[in-house]
Each structure stands twice: as C-alpha cells, then as structure tokens.
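# Close look at the chain arrangement
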Amino acid sequence: MRVYVFIALIATLATWLFTPLVRHLAIQIGAVGAVRSRDVHTIPTPRMGGLGMLCGFLVSFLYASSLPFANLLFADSHQAWVVSGGAILICLLGMADDLWDLDWMLKMAGQLFISVLVAWGGLQIISLPLGSLVTASPSLSIAITAFLIVVSINAVNFVDGLDGLAAGIVAIGGIAFALYSYILSRSMPSFASVAVLINVAMVGVCAGFLLHNWHPAKLFMGDSGSMLLGYLITCASIIMTGHMDPATVKTSIYLPVFLPILLPVLVLFLPVLDMVLAIVRRLSKGQSPMHPDRMHLHHRMLRIGHSVQGAVFILWSWAALIAFVSIMVLFFKSYEVVIILFVASVVLTVITMYPYLKRLIPQLRAESQRNVIAQHSTDNRNE
C-alpha cells in the first residue's frame, strides 16, 4: 500500500511541475479559451492542461515499471503499455480540439477509433455479468469496451464546467476504484494490480492539476484533460473487473459481480447523469446532442445561489457519496448501507437547496403576512 501512495505522490509532483510549462506553451501556440456565453469564467484562460496531466501519468507509470514489485506487470503483459499508448493518442486528440475546436462528429470518430484500437490491443471486457459470468466473443468484447470508453470520455467532458470540478470527481472515483481493485488484488491474479497502478497514478495526476485548476483557475484541462481522465478511469475499471473468474474470487467480493458494467456509472454517476440529461434535453429541442447550453448541473447549482467553490464542493460530496456507497457493500450489511445512503442524501439535499430555501422561506412568510393583512381588511369592511 505504501508503494501505491508513493506512486500517487510521484504523479502529483510531476503533474504540478509540468503544468506551468504546459500553460506557457498553450499561451504561445494560442490554445486559449475565449469567453463564451455558456462559460462561467470571465477572462480568456489557457487550455490544454491535459498535456501536463499526461506527462505526470507517464512519469509515474515509468517509475512504477522500474519497481521490483511491479516489474512483472509490465514485462509479462503489454496491457499497461497499451493503456499508456491509448492515453497519448486520446490526449493528442483532445489537444487538437483545444487548438482548433474540432467538429463534434470528427472528435467522436477519433474517440471511437482510439477506443477500438486499444480494445484490439488487448484491453477488453472478457466476461459479461449476465446472471453468471459469460465469456463474450472477441468482436462483442471490443464493441462493449469501445462503447464504455467513449461514454466515459464524453461524460467527464460534459461535467468539466467549473474550476476543479472534473478533476475532483474523477479523483474521488479513482480512490473508490483503487480501494476496490486493491481488495481484488489480494484475492485474484496480479492483473488487478495494473488497475491499482492506473488508479493511484490518476488520483495523483488529478491532485497535482487541482493545485493549478482551483478557482480562479490558471489553466483549464480542456478536452485533452477531460478525455484523458475519462479514458483512464474506464481502462482501470475494465482491467479490474472485466476478467473476473468466479473460481478465483471469494463470495463476499464476487457479490457485486455486475460492477464491470455498472462501476463506471456508479463512480461517475454525476457526469453520466449530466450527459444523459443534456442529450435528452437537446434532442427534444431538435438540436445536436453536442449543442452547448447553460443547463448543466453545475450551471443549475450556480443559479440556485451557490458560489463556484460551494457548487464544486457539493458536487464532489454527491460524487463521493455515490462512489463510496457502491464500495461499502463489501464491508457493511445491506440495510446499514441503505441507512447511510438515506441519511447522507437528506443532508446533502438540504445543503444543495439551502440558498434556494433561504430565499423562499422569507418570501413565503411575507406572502403569509400579506394574506393575513388582506384577510383582516376584508373582515373590517364586512363589519
């Protein structure tokens, strides 16, 4: 466990050091986001922060490959190198979008191509949780894997609207993934440890980038960063649970066997929810699913009355609740998890709606007083 923490620290330090250099590069080549009507920021800010995140990830991965305990993971399997190669490609695609604002269909075609390439390279969901584990055909495995990667990439991209929001949500999901994959690595073959490495490196990358991305942000992660994070968290999930064999997993761990499909949705519930709502909303208006608007969850939080930092902390809290409740089933009884989920949800709902309630209650009181005065006036006239 201490080695994993050290790898995360390496990723944090490397990302923190590379990000200012990337910011300078982004300014030099013109990768600066102009202020648009849907944006929250008010001054042009450099994008392309994903390049710094990629550098931090690769540095931590290369360091891990030199460690004795992880050497076999890189020597005996090419999976870790496939993930690294895909990370470079997806970041380059995002950088192109940060520079030239690619058409959404072209960008999605690139995402799909890279996802299929990675799946063809060996990163696949081999087993499907359909009642019992069923081995999928190679073509079906590639299709499902590519679909999950593309969905997660775009889900993180959709939620990247406030300083620090996407990095924090993915870091929370990465911690939940790391805990679960670490548990599996103690009862299953060592391939689960590759998932732990990806997760801890990703968490470290998010932490290092947040030091530059907290409001007011000095640099945006851009599509290069949001796409990279969505890609990495899905790759870790696929490696972690997409190869589970019932014979090698204890019942207490095998219980949530549906997690290969649902785990990315659970730990990325808010981004996925935001993406689904946005697509439905836009299609119902006859618009493109990628048509920009100011109706995302973070925009709604600001309209309720939260500050940028307050909205980010609350959305982080919701993400943490959903992510860690999905892991708590391994440690607590079902009714205890339900109680914790209910109590925490009530508390977070009150906190989320507090600015609105703070305005609404005085309005209701004033309206009630006006009604009482009006009633008294009516009674006096009748007398």
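Reading guide: rules and limits
- Residues numbered from 1 in each chain as written.
- Predicted model: local features only at pLDDT ≥ 70, side-chain atom pairs only at ≥ 80, totals over all residues.
- Heavy atoms only, no water.
- Helix = DSSP H or I, 4+ residues; strand = E, 2+ residues; numbered from the N terminus.
- Buried < 20%, exposed > 50% of the residue type's maximum accessible area, 1.4 Å probe, protein only.
- Contact = heavy atoms within 4.5 Å.
- Areas by Shrake-Rupley, 256 points an atom, 1.4 Å probe, with all protein chains shown as cover.
- Patch = residues over 30% accessible without salt bridge, like charges linked within 9 Å, V, L, I, M, F, W, Y side chains within 5 Å.
- Salt bridge = Lys/Arg side-chain N within 4 Å of Asp/Glu carboxyl O.
- Phe/Tyr/Trp six-rings, centres within 6.5 Å; stacked < 30°, edge-to-face > 60°.
- Expected span 1.5 Å × (residues − 1).
- Core = buried A, V, L, I, M, F, W, Y, C linked by side-chain atoms within 4.5 Å.

### Observations regarding the overall build of the protein
- Along the backbone of the protein there are 15 helices and four strands.
- By the burial criterion, 51% of the 383 residues in the protein qualify as buried.
- Long-range contacts, defined as pairs at least 24 residues apart, comprise 75% of the intrachain contacts of the protein with a sequence gap of at least 6.
- Per element, the accessible surface of the protein, about 17,800 Å² overall, is 70% carbon and sulfur.

### Details of a nonpolar patch on the surface
- On the surface, a nonpolar cluster with roughly 750 Å² of combined accessible area is contributed by Tyr335, Ile339, Phe342, Val343, Val346, Val347, Val350 and Ile351.
- In this fold, Tyr335 is placed in helix H15 (residues 334–382).

### Comments concerning the packing of aromatic side chains
- Inspection of every chain in the model, using the stated rule, returns five aromatic pairs.
- Between Trp214 and Trp316 the ring centres are 5.7 Å apart and the planes differ by 40°, which places this aromatic pair in the tilted class. Remark: Trp316 occurs in helix H14 (residues 308–328) and Trp214 occurs in the loop between helix H8 (191–213) and helix H9 (222–241); sequence separation between them is 102 residues.
- The class for Trp214 is partly exposed, based on a relative accessible area of 28%.
- When the centroid spacing of 5.4 Å and the interplanar angle of 80° are considered together, the rings of Phe313 and Trp316 count as edge-to-face. Of this pair, Phe313 and Trp316 both sit in helix H14, three residues apart, roughly one helical turn.
- A network of ring pairs unites the aromatic residues Trp214, Phe313 and Trp316 as a single cluster.

### Digging into the pattern of salt bridges
- Taken as a whole and assessed by the stated rule, the structure comprises three salt bridges.
- Between Lys107 and Asp223 there is a salt bridge, with the nearest N and O atoms lying 2.6 Å from each other. With Lys107 in helix H5 (residues 104–120) and Asp223 in helix H9, this pair connects stretches of sequence that are 116 residues apart. Asp223 shares its class with Lys107; the two are buried.
- Beyond isolated ion pairs, a larger network of salt bridges with shared partners links Asp97, Lys107 and Asp223.

### Remarks on H14
- Compared with an ideal rise of 1.5 Å per residue, which puts 21 residues at 30 Å, H14 spans 30 Å between its outermost C-alpha atoms and is within 8% of the ideal.
- In terms of residue burial, H14 counts as a mostly covered element, since 15 of its 21 residues are buried.

### Brief notes about the nonpolar core
- The biggest cluster of nonpolar side chains holds 100 residues, and the ones touching the most others in it are Leu197, Ile198, Tyr231 and Leu232.
- Take this core: its biggest share by element is 13 residues, from H14.

### A look at the environment of Leu62
- In this structure, Leu62 sits in helix H2 (residues 50–65).
- Considering only alpha carbons, one finds Leu62 and Ser84, 22 residues apart in sequence, at a separation of 9.9 Å.

### Quick notes on helix H13 (residues 297–304)
- Those residues of H13 lying buried are Leu297, His298, His299, Met301 and Ile304.
- Positive phi shows up at Gly305, right after H13, with a value of about 130°.

Everything listed is a geometric property; what it means functionally is a separate question.
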